Amino acid sequence: MSRLRFLTAGESHGKWLVGILEGVPAGLPVSLETIQDELQRRKQGHGRGARQKIETDEFEIASGVRQGFTLGSPISVLIANRDWKTWQEALSVAPLPSAEIERCRVAIPRPGHADFAGALKYGHADMRNVLERASARETAMRVAVGSIARLFLAEAGITVASRVIRIGAVESPDAVSSPETWRKIADASPVRCLDSDASARMVQAIDEAQKQGDTLGGIFEVAASGLPIGLGSHVHWDRRIEGPIAQAFMSLNAIKGVEIGGGFSLAAVPGSQAQDELLPGDESRGRSWNASYRTNHSGGIVGGITTGQLLSVRAAMKPIATLMRPLNSIDPRTGLPAHAHVERADVCAVPAAAVIGESLLALVLAEAVLEKFGGDSMNEILPRILAWKDRQHLA
Ligand SMILES: Cc1cc2nc3c(=O)[nH]c(=O)nc-3n(C[C@H](O)[C@H](O)[C@H](O)COP(=O)(O)O)c2cc1C
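What comes next concerns the included structure.

Analysis parameters
Residues numbered from 1 in each chain as written. Predicted model: local features only at pLDDT ≥ 70, side-chain atom pairs only at ≥ 80, totals over all residues. Near = placed C-beta within 6 Å. Nonpolar A, V, L, I, M, F, W, Y, C, P; charged D, E, K, R; others polar. Axes fitted to C-alpha atoms, helices over the stretch in contact; angles between N-to-C directions. Helix = DSSP H or I, 4+ residues; strand = E, 2+ residues; numbered from the N terminus. Parallel < 35°, antiparallel > 145°, perpendicular 65-115°, else oblique. Left-handed = near helix turned anticlockwise from the far one by under 90°. Contact = placed C-beta atoms within 7 Å. Buried ≥ 20, exposed ≤ 12 C-beta atoms within 10 Å, placed from the backbone. Arc of directions from axis to C-beta.

**Overview of the site of the ligand**
Phase 1 of the analysis: Lining the immediate environment of the ligand, one finds 21 residues, of which Ala136, Asn253, Thr322, Ala345 and Ala349 sit closest.
Phase 2 of the analysis: Grouping the amino acids of the shell around the ligand by side-chain chemistry returns twelve nonpolar, seven polar and two charged.

The structure is reproduced here in structure tokens:
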């Protein structure tokens, strides 16, 4: 059984999003402002749709926290969907008259969505029964529970940050700064890009796509610094830490590719350019084992184990599938061609996906830290982490 686990529930336009996070140690200070701030960051980004203006994403903690500290018991979180008010009927829990059912029905599946496969799988005639839960609205709850994981990591000196690298055809130059400085710069950019020139061109590209009734995807990077050496393990396939990281990112809506460190680019270079050579440590301090690496092609993970270097994950997001100039589809009742259902949608959500990625990485890393250092309370866990880092930290 995993040390840290969570469940989410809730339809996109249902009354509530619900989350339960289990396994957080007792005694973690919980800053409600931090969680709210993270939820606010998820709503940002040039190219988001009108929904973000409707939702405030105010949340409530219903259990597991008392007087500002975690109790060690399951933490449950509620986020009210303000838009529910206009969808009460369509999302009614009680049965509806058949004329109303017909009126609320989404009949034509949207290509690029779970609509058609989900309707066939679950036997739904109304695609709304699928699209409500397949929607990325659920990620608000992942950010809420992920923010608690982030608070835990912060106590252990671990920082998680993100930046957007590409939107459509526009690419940002490589980051020169470290993730500790990313947040401020990326939060100030309308597209979470560290480079102001690329940022402006990305905004332009999104505006252009919107004019055409089209959408854009892109690539973002999430990085963690301050990690201890030795999270994950080489000893068994399901303990290699790349596994849960890749799963977490691939589970995010619209993500079609994940790479760690040099990732796909390493396939194109000889071995001599792909590995990270070791450099001796500082002898004068009697810490010859305090070695470092010349480079970080591995992205902070070798053999399934964190090296103590910057952990870097990149994810590729496909363009938003709901187009205002709808794609060709079929009417499943007749099998005849039809235009896809049009639902209010974002034009580009790569900046938001990057923020969600921070929470996803935080959840995986918090789980790995708990697995390695164990314990039921922060008082028990933190001294172990600090003692280990002091012994093992790489320059
Ligand atoms: C933050 C975020 C916002 C999204 N917003 C929309 C949207 O407004 N409209 C849409 O069609 N898809 C949106 N998506 C993508 C869909 O949820 C996703 O493509 C769809 O559920 C199909 O799943 P798949 O692409 O993972 O196969 C969004 C994804 C994320 C991560």
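From this point, the narrative continues.
**With respect to the packing of helix α1 (residues 32–42) against helix α7 (residues 139–155)**
Phase 1 of the analysis: Relative to each other, α1 and α7 sit at 140°, their axes nearing to 9 Å. Comparing the axis directions of α1 and α7 gives the class oblique. The chirality of how α1 crosses α7 is right-handed. Contacts between α1 and α7 involve Thr34, Ile35, Glu38, Leu39 and Arg42 from the former and Thr139, Ala140, Val143, Ala144, Ser147, Ile148 and Leu151 from the latter.
Phase 2 of the analysis: Its residues assigned to classes, the contact of α1 with α7 comprises seven nonpolar, three polar and two charged.

**Quick notes on helix α8 (residues 179–188)**
Phase 1 of the analysis: Pro179, Trp182 and Ala186 are the residues of α8 that are buried. Down the axis of α8, the sector holding all buried residues measures 25°, keeping them to one side. Looking at α8, the residues exposed on the side facing more than 90 degrees away from the buried face are Glu180, Lys184 and Ala188.
Phase 2 of the analysis: Of the surrounding elements, those touching the buried residues of α8 are β7 (159–167) and β9 (218–225).

**Here we look at α1**
Phase 1 of the analysis: Along α1, the positions that sit buried rather than exposed are Ile35, Glu38, Leu39, Arg41 and Arg42. One face of α1 carries all of its buried residues, which in axial projection span an arc of 160°. Away from its buried face by more than 90 degrees, α1 exposes Glu33 and Asp37.
Phase 2 of the analysis: Of the surrounding elements, those touching the buried residues of α1 are β3 (59–63), α7, α8 and α11 (350–373).

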